[in-house]
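Inside the fold
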Amino acid sequence: MADTVGERVFSGAGKAWRATTRPFRTWRAVSESFDLPVGLTPREQVWALNKTRLYRYVPRVPEEERHPIPLLLVFAAINRPFLLDMQPGNSFIEFMLDEGFDVYMLDWGEPGPEDAEMRLDDYGAEYLPRAVRRVLADSGAEEVSMLGYCLGALITLLYAALETEGPLRNLILLTPPLDMSHDEDSLFSAWLDKRWFDVDRFATNLDGLLSSTAIENGGKMLKAVANYVGAYVNLWDRIDDPESVRNWQAMHRWVHDGVPLPAQVFRQWVQDYLWSNALVSGRHVVKGKPVRLSDIEVPVLNILAKFDHIVPNGQSLPVADLVGSDDVQTEILSAGHIGIMAGHKARHVLWPTLSAWLAARSRTEG
Amino acid sequence: MRDDSQEHVDPLGMARGVADRVLANASTFVDEVVASEGFSESLARGMQGVVTVTSALRRRVNAVGDFAAEWLNIPTRRQLIDLARRLNHLELAVDDVDAKAAEVLRLLAEEADDG
């Protein structure tokens, strides 16, 4: 049916109004993103040590329907972990709770200058074993499954290789930056090449911490135009879709809400991991104990993002050959480094994959 | 009479198309630049230069702060950082003791169950 003249005038006026106000609405959406409430799934703190906090999320299914092995989420130490719990209805943690998992999350917190001497090893060998002990004490379980994301995956690998007699039941690795011999696709390897980058001098002059701004911009420069301009064009395009805008705001807040990194962690990552590839070559020693990935015998699910420009696939793929487990599954999903967990397809692709793999391996004997 | 088959000229749409093409080309160009060896070297040297300069400035500011703190008879920044570091070590030690106590209690409970 043809529109009346009045309807066409109103429709045209509405479109004109939306077009005129689009820049202001876009600007407002950006500025409001910094105050957007995130990480809203109910939880309680069960342990704290230094800046590290361990949270248990309030279960959403009755105890008799829950999987008996709790799941501990270990996020990267350079970002806030609310990427795993963005918004109600768009939260990995919420999804896993609905799937019947008892979910714990380790938040590394924001280091201060007093943490300047911390090393990457400390996360895996000092803090994570203590957190695991608390998870077991709190849940009453005898085993725990672990999910590590990005740098968190590296920390969980350290833990799994060092605590071979420990209570780890399953290990999920999301985009682990492990094998640095495949550095041809990694811009970080080029930027921090030892031919022109003196990491000792750099770390010494940092006054204890590598700022979150430096880390954020380092990540953004990998895809500079897409991150500095494209992200805002994307918002401009979807400004009339409130749900889409809310998801964009949550992601924007996460990107701009990083945490600094202790200078020694950065120095160790560059020297031992990026330059020497010590973890893969078996030359890495923590507290006098060699770290051998071949000692990891628990089931491992290794998930890669096909379009990952932060951790190129070549760094993560060798996990299957390096660990000693007979039960290793590698999945390459069609997503980017962040989109794999928080993109609009994650709910239908990554989350069910994780849940199904873990559920099949979360039964207690007898 | 309106002719629906006729395409309307959309100047905003055309501008957007041009902008998208400019962005795509810029993206390709910038990605190539940041992947070049020259950029890598410049970035690394630039970062080191900035950190070296700011470090020198920070040392001077800290020296002034320390002098003022001592004059006011309050702890200096360095002293506060040392104190926080000691508290962290203490916290780790307490956590170790707590773990051992929990293990002892668990063994005692097991023994009581067996007995």
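Keep in mind that what you see is a predicted model, and the values were worked out from it rather than measured.

Along the chain, Asn205(A) falls in the loop between helix H6 (199-204) and strand E7 (209-210). Asn205(A) gets classed as buried once you look at its relative accessible area, which sits at 12%. Placed 34 residues apart in sequence, Asn205(A) and Ile239(A) show a C-alpha to C-alpha distance of 43 Å. In this structure Asn205(A) touches Val51(B), Thr52(B), Ser55(B), Arg58(B) and Arg59(B), once residues within four positions along its chain are discounted.

Taken together, the 34 residues of chain B in the interface contact 37 residues of chain A. Both faces combined, the contact of chain B with chain A buries some 3,100 Å², and carbon together with sulfur accounts for 54% of it. In terms of surface lost to chain A, no three residues of chain B exceed Gln48(B), Leu92(B) and Asp95(B), which account for 17% of the buried area on that side. Here chain B is connected to chain A by 11 salt bridges. The closest approach of N and O atoms between Arg195(A) and Glu37(B), which form a salt bridge, is 3.6 Å. Listed by contribution, the elements that provide at least two residues to the side of chain B that touches chain A are helix H1 (11-34), helix H2 (37-72) and helix H3 (77-114) of chain B. Per-element accounting of the side of chain B that touches chain A gives the leading share, 14 residues, to H2(B). In terms of residue class, the side of chain B that touches chain A is made up of 14 nonpolar, 6 polar and 14 charged.

Bringing a nonpolar patch on the surface into the picture now. Residue and element names in this part refer to chain B. Together, Leu80, Leu83, Leu87, Leu90 and Val94 make up a nonpolar patch on the protein surface, roughly 480 Å² of accessible area in all. Relative to the helices and strands, Leu83 is located in helix H3. Leu83 sits in the partly exposed class, given a relative accessible area of 47%.

Glancing now at the pairing of strand E2 (residues 52-57) of chain A. Residue and element names in this part refer to chain A. Within E2, 5 of the 6 residues are buried, which leaves it mostly tucked inside the rest of the structure. Sheet topology places strand E1 (residues 43-49) next to E2; 6 bridges connect them, and they run antiparallel. Each residue of the ladder has a partner; that of Gln45, found in E2, is Tyr55. Hairpin geometry of E1 and E2 is characterised by an intervening segment of 2 residues between the two adjacent antiparallel strands and by a positive phi of about 55° at Asn50. Pairing geometry for E2 and strand E4 (residues 103-107), over 4 bridges, is antiparallel.

Here the focus is the domain arrangement of chain B. Residue and element names in this part refer to chain B. Segmentation of chain B into domains returns domain 1 (10-74) and domain 2 (75-115). Look at where the C-alpha atoms of domain 1 and domain 2 centre, and you get two points 42 Å apart. Counting residues at the interface gives 5 residues for domain 1 and 4 residues for domain 2. Carbon and sulfur atoms supply 57% of the area buried between domain 1 and domain 2, which totals about 350 Å² over both sides. Together, Asn62, Asp66 and Ile74 form the three largest contributors to the area buried by domain 1 at its contact with domain 2, with a combined 81%. Our enumeration of links across domain 1 and domain 2 arrives at 0 salt bridges. Our enumeration of links across domain 1 and domain 2 arrives at 0 residue pairs in polar contact (both at pLDDT 80 or more). Partitioning the side of domain 1 that touches domain 2 into residue classes produces 2 nonpolar, 1 polar and 2 charged.

Parameters at a glance
- Residues numbered from 1 in each chain as written.
- Chains lettered and ligands numbered in written order.
- Predicted model: local features only at pLDDT ≥ 70, side-chain atom pairs only at ≥ 80, totals over all residues.
- Heavy atoms only, no water.
- Helix = DSSP H or I, 4+ residues; strand = E, 2+ residues; numbered from the N terminus.
- Buried < 20%, exposed > 50% of the residue type's maximum accessible area, 1.4 Å probe, protein only.
- Contact = heavy atoms within 4.5 Å.
- Buried area = accessible area lost by both parts, 1.4 Å probe.
- Salt bridge = Lys/Arg side-chain N within 4 Å of Asp/Glu carboxyl O.
- Nonpolar A, V, L, I, M, F, W, Y, C, P; charged D, E, K, R; others polar.
- Patch = residues over 30% accessible without salt bridge, like charges linked within 9 Å, V, L, I, M, F, W, Y side chains within 5 Å.
- Areas by Shrake-Rupley, 256 points an atom, 1.4 Å probe, with all protein chains shown as cover.
- Pairing = 2+ DSSP bridges.
- Domains from an automatic or database assignment.
- Polar contact = N/O pair within 3.5 Å; in protein donor to acceptor, adjacent residues only side chain to side chain.

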